[in-house]
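Overview (structure and organization)
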Amino acid sequence: MNLESQKKIDEIMYETNEKISAIVNEIRDIRFSKMSESEKQLKCDNLRLEFEHVMIEEEEKVVKVMKEYP
């Protein structure tokens, strides 16, 4: 892996980390909120799906970088 590809992967990881941190903070806020348990569950389920999407997106970006810089 060359320096350019490592730099791009680091940027992807940084971006992903920011997104994950935001999702985790939202989940934490929901857990400690006063909304009903069913509403909490629904919102957390949606955030889990968003988390999954972020991770898939990260993997696709890293694979693309790896193909560009073999």
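Scroll up to find the structure this text is about.
The structure contained in this document is the topic of the report that follows.

Analysis parameters
- Residues numbered from 1 in each chain as written.
- Predicted model: local features only at pLDDT ≥ 70, side-chain atom pairs only at ≥ 80, totals over all residues.
- Heavy atoms only, no water.
- Core = buried A, V, L, I, M, F, W, Y, C linked by side-chain atoms within 4.5 Å.
- Buried < 20%, exposed > 50% of the residue type's maximum accessible area, 1.4 Å probe, protein only.
- Helix = DSSP H or I, 4+ residues; strand = E, 2+ residues; numbered from the N terminus.
- Contact = heavy atoms within 4.5 Å.
- Salt bridge = Lys/Arg side-chain N within 4 Å of Asp/Glu carboxyl O.

In terms of nonpolar packing, the biggest core is built from six residues, these being Ile 20, Ile 23, Ile 30, Cys 44, Leu 47 and Val 54. Counting residues per element, the ones that place at least two in this core are helix 1 (3–31) and helix 2 (37–68). What Ile 30 contacts, discounting residues up to four positions off in sequence, is Met 35, Lys 40, Lys 43, Cys 44 and Leu 47.

This paragraph deals with the pattern of salt bridges. Here the structure, examined in full by the defined rule, presents six salt bridges. For the salt bridge of Glu 15 with Lys 61, the shortest nitrogen-to-oxygen distance reads 3.0 Å. With a gap of 46 residues between them, Glu 15 in helix 1 and Lys 61 in helix 2 connect regions that are remote in the sequence. Between Asp 45 and Arg 48 there is a salt bridge, with the nearest N and O atoms lying 2.6 Å from each other. Residue Asp 45 and its partner Arg 48 are located together in helix 2, separated by three residues, close to a single helical turn. One salt-bridge network, in which partners are shared between bridges, spans Glu 15, Lys 19, Glu 57 and Lys 61.

It is worth stressing that arrangement in space is one thing and function is another; only the former is reported here.
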